[in-house]
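# Commentary on secondary and tertiary structure
Below, each chain spelled out in residue letters.
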Amino acid sequence: MKRYLGHIAALLVILLTAGCSKNDDTPPRPAPPEITLDSPTSIYTVKSGREIEIRPTYKNADDATFAWRMDKELLGEEPVLRFRTERSGSYYITLTVTARGGTDEEELRIDVLDLTPPTITLPGADKGFTLLLGSELALRPQVASTLETSFRWILDGKTVGTGQNYLFTATRPGDYRLRLETSNEDGEDAVEFTVHVRTASEVDFSWSFEQTAYNVAAGRTIRLRALDITHAFDAVYTWSVDGEVVQQGERPEYAFKAEHEGSHAVRLEMRNAYLTATQLLTVKVCPPEGSYYRPRTGASQAGCNKVYEFLPAPGQFVNEYYSATTMDEACAYAEESLAQKRYVSLGGFGGYLVVGFDHSIDNSGDYDIAITGNAFDGSSEPGIVWVMQDENGDGLPNDTWYELRGSEYGKEETIQDYAVTYHRPSAPKMNVPWTDNRGRSGEIEYLGAFHRQDYYYPAWVAADSYTLRGPCLQSRSYDQSGNGTYWVNPSFEWGYADNFSPVDRLTDDDNQGASPADNHFKIAHAVTFDGKEANLKYIDFVKVQVALNQQCGWIGEVSTEVFGVRDFNMSR
C-alpha cells in the first residue's frame, strides 16, 4: 500500500507542476552585467599631477549602478572614472557594477609616475672645454628622460645637430659658444658652455703617431700607440674600435687583435683636467698569412730589386754624390748604388733603407737573408734589421714591421724605443743639431776637411726637422789614442748589419781592407712588439736602420753602410 501511495503522490506533483508552468506569465530574469576594461592588462599609467580617464565598456548594464573604490574610499559612481593625484605610486581600484541581473566586478591598477623633464647632465660644462686643434670633442650628455625628447645643438647661434650626442670639430683656433636644448611633455632644459680650441703650443701639450693607417694579417696582434706625449698630466686614455669602447685608463697604447677582416675605425681620446685631444686611426685586417705569398721562380733574382724608402739621418755622406730633392729621386739613387754594389750610407742614428724582392723569402729556420756592409775588426757600425710581409697584397711596405732580434735585444742597456729629432742648420757648412726623447741633445758634426757639401741634412726632407725612431744599442766606441786620433768601434756579438760579428759573418776573415762583407740573418728571429716570436713563414721587405747615436771625432758619426741585401736561401 505504501508503494502505491508514493507513486500516486509523485504523479500528482508532476501534473500540478506542469499545469502551473504552462500558465505562468512571469518574465525571465535579466542577464548579469559584464565589464570590459579599456586596458588589456588592467594596468594604467599616468604622470603625477595629470588626469587619467578610464572608460570601460559594459554589457547588460542598463539602469546599473557603478562604484569605484580604493580600499574603502568611494572614488566615483559614474561609468567613467577620472583619476588624478600628485603622489607617485601604484593604486589598486575596484569597479563594481550592479544591475537587475546581478553584479560584476573588476580590479585595476593605476601606476602614477613622477614627471621626468629632460634634465641635462654634462660633466665639465660649467668650466667649458679646451680642445686641441685637429681633434674632436665627443659630447655625450646624460638626459633624465629621452622618451619623446627633442634635442637641439646650437653653435654660435646656428643649429648644428638634433641628436642626443654631438661631435664637435673646428678647423681653426678660437672660442666657440655651444648650447644644448632639450624638451618633452614634462618640461625642458638647456646647458650652454664654451669650447676653447687651441694649438699645441698654446696648451703646452703634444703627442705624435708613427702612422694613422695600419694593415695586419688576420690572426695577428699589433700595437697602436701615442708617442712623445708631453704635459698630459692626469690623462685618461679611451680607446674605441668601431664606436665601442675597448680600453680606458692610463695607457696610451692598445693591443689590437686582428680577428675580423675588413677596415676598422679606431679612436683614441686623451682627456685630462683641462684638455681633450683625439686621434683617428684605421686598421685594415687583411686575409691570413700566405694569401699573398710569391713563390720563387726560375727567373727570380737573389738580390733586392727595388728601394722603396731611403731616409738617412744627417751625415757626412748625405747629399755628397747625388742631388736628390724628392724621396723618389733618393730611392732611385740608392737603387742604382745597390745594383752597382756601391754602398749607401744611412747617416746617424735612425737613418734607414727599405728594399723589396721579386719573390717572397722563405723562413728556412736557418740564415735566410744576407746584408752586405764593410765592417772590419775595430770598425763596426751596426744596423738593426726589420722584416715585413706584404699582408695586404698591394706590393708596398705599408704593413707590419717585425724586428730581427740580435744579441743586444732585451738587455737593460738597450733602449727599445729611442727617438732623435734632427733640425735643419740655418746656414751652409754647419753642424746639424739634434734632440732626443731622453732630454739629451747634440750635433752631427760638419767635417769640412773631408766632406764639403753644403748640408748634411737630406735635401729631400722639406720640413725643418724630422724624427727617426727605433732601438738604440749602447755604444762601445772609444778613443784608443786618448787624443782623438784613433777611434775604435767594437763589434756586437750577432744580429746586426755592417757589424764585425764572430757569429753571423760565417767567416773568420778579419777584413782589414774594409771590403764588402756579409752578415746573415734568420727570419726565425723576428719578434713582435712585445718580444714574442712572430713565427713568420716568409717575408717580402727588409729595412736596415742605424742602431747607434755616436760621434767619433774626425771619423764622424757612426753610420751603417749597405752594399746589398739578398735572399741567402738562393746562395746555398
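First, a word on scope: everything that follows refers to the structure included in this document. Along each chain, the written sequence defines residue order, and numbers are assigned to residues from 1. Per-residue local features are limited, in this predicted model, to residues with pLDDT of at least 70; the limit for side-chain atom pairs, both in listing and counting, is 80 or more; totals at the level of whole chains, interfaces and linings are taken over all residues. With hydrogens and water stripped out, all remaining heavy atoms of the structure feed into the side-chain values.

Think of it this way: any DSSP run of H or I at least four residues long counts as a helix, any run of E at least two long counts as a strand, and we number them from the N terminus. Structurally, N319 can be placed in the loop between β28 (306-311) and α3 (327-339). The buried category is assigned to N319, whose relative accessible area is 14%. Identification of polar contacts relies on pairs of N or O atoms within 3.5 Å, with a donor-acceptor requirement for protein atoms, meaning one able to donate a hydrogen and the other able to accept it, and with residues adjacent in sequence counted only if both atoms are side-chain atoms. In terms of polar contacts, N319 uses its side chain to reach the backbone carbonyl oxygen of Y457, at 2.8 Å. Residue contacts are counted whenever heavy atoms from the two residues lie within 4.5 Å of one another. Once you skip the residues sitting within four places of it in the chain, N319 turns out to touch Q453, Y455, Y456, Y457, P458, A459 and W460. Per-residue accessibility, obtained with a 1.4 Å probe over protein chains only, is compared with the maximum for each type, and a residue is labelled buried under 20%, exposed over 50%, and partly exposed between these values.

Taking strand neighbours across the sheet as the criterion, the 5 strands line up as β2-β9-β8-β5-β6 in an open arrangement whose pairing is mixed. Looking along the sheet, the strands with just one partner apiece sit at the ends: β2 (43-47) and β6 (73-76). If you compare each strand with its neighbour and ignore which way they point, the axes differ by 35 degrees on average. DSSP bridges decide pairing: two strands pair if at least two such bridges lie between them. Pairing geometry for strand β5 (residues 65-70) and β6, over 3 bridges, is antiparallel. Bridge assignment links W68 to a residue of β6, and that residue is G76. Lines fitted to C-alpha atoms define the axes here, with helix axes fitted over just the stretch in contact, and angles between the N-to-C directions of these axes take values from 0 to 180 degrees.

What follows covers the pattern of salt bridges. The working definition used for a salt bridge is a side-chain nitrogen of Lys or Arg within 4 Å of a carboxyl oxygen of Asp or Glu. In this structure the tally under the stated criterion is 30 salt bridges. A salt bridge links E53 to R55, with the shortest nitrogen-to-oxygen separation between them at 2.6 Å. As a salt-bridge pair, R84 and E86 come within 3.1 Å of each other at their nearest N and O atoms. Judged by its relative accessible area of 53%, E86 falls in the exposed class. Each of R152, R177, R179, E181 and E192 takes part in one network of salt bridges that share partners.

With that settled, consider the sheet that holds β28. Adjacent strands of a sheet form backbone hydrogen bonds with each other and so pair up, either parallel or antiparallel. Strand order in this open sheet of 6 strands is β28-β30-β42-β32-β33-β41, and the pairing throughout is antiparallel. The sheet is open, and its two edges are formed by β28 and β41 (526-527), each paired on a single side. In the sheet, strand β32 (residues 383-388) pairs with strand β33 (residues 401-404) via 3 bridges, with the strands oriented antiparallel. Residue V387 lies in a different strand from β33, and its bridge partner there is Y402. Sheet strands in contact with α3 are β28 and β30 (352-362), and its direction is about 120 degrees off that of β28.

So, about the packing of aromatic side chains. In this scheme Phe, Tyr and Trp rings, the latter by its six-membered ring, pair at centre separations within 6.5 Å, and the angle between planes marks the pair as stacked below 30 degrees, edge-to-face above 60, and tilted otherwise. Evaluated as defined, the whole model comprises 24 aromatic pairs. For the ring pair Y293 and Y538, a centre distance of 5.0 Å and an interplane angle of 70 degrees mean the geometry is edge-to-face. Highlighted residues: Y293 in the loop between β27 (276-286) and β28 and Y538 in strand β42 (residues 538-546), separated in sequence by 245 residues. The class of Y293 is partly exposed, set by a relative accessible area of 31%.

Let's shift gears to a negative patch on the surface. Side chains of D377, D508, D509 and D510 sit close together on the surface and give a patch of like negative charge. Relative accessible area serves as the criterion here: at 38%, D510 is assigned to the partly exposed category. In this analysis, a patch consists of residues with relative accessible area above 30% that form no salt bridge, clustered at 9 Å for like charges and at 5 Å for the nonpolar side chains Val, Leu, Ile, Met, Phe, Trp and Tyr. Here, Shrake-Rupley sampling with a 1.4 Å probe gives the accessible areas, and only protein chains in the shown set may cover a residue. Counting rule applied: Lys, Arg positive; Asp, Glu negative; His and chain ends not counted. Where a charge lies is defined by one atom per residue type, namely NZ (Lys), CZ (Arg), CG (Asp) and CD (Glu).

To continue, consider unusual backbone geometry. In the Ramachandran plot, D228 falls in the positive-phi region, its phi being about 50 degrees despite a non-glycine side chain. Relative to the assigned elements, D228 resides in strand β22 (residues 227-230). Of note, the phi angle at N511 is positive, near 50 degrees, even though the residue is not glycine. With respect to the element layout, N511 can be found in the loop between β39 (487-488) and β40 (517-521).

Everything listed here is a matter of geometry and, on its own, says nothing about what the molecule does.
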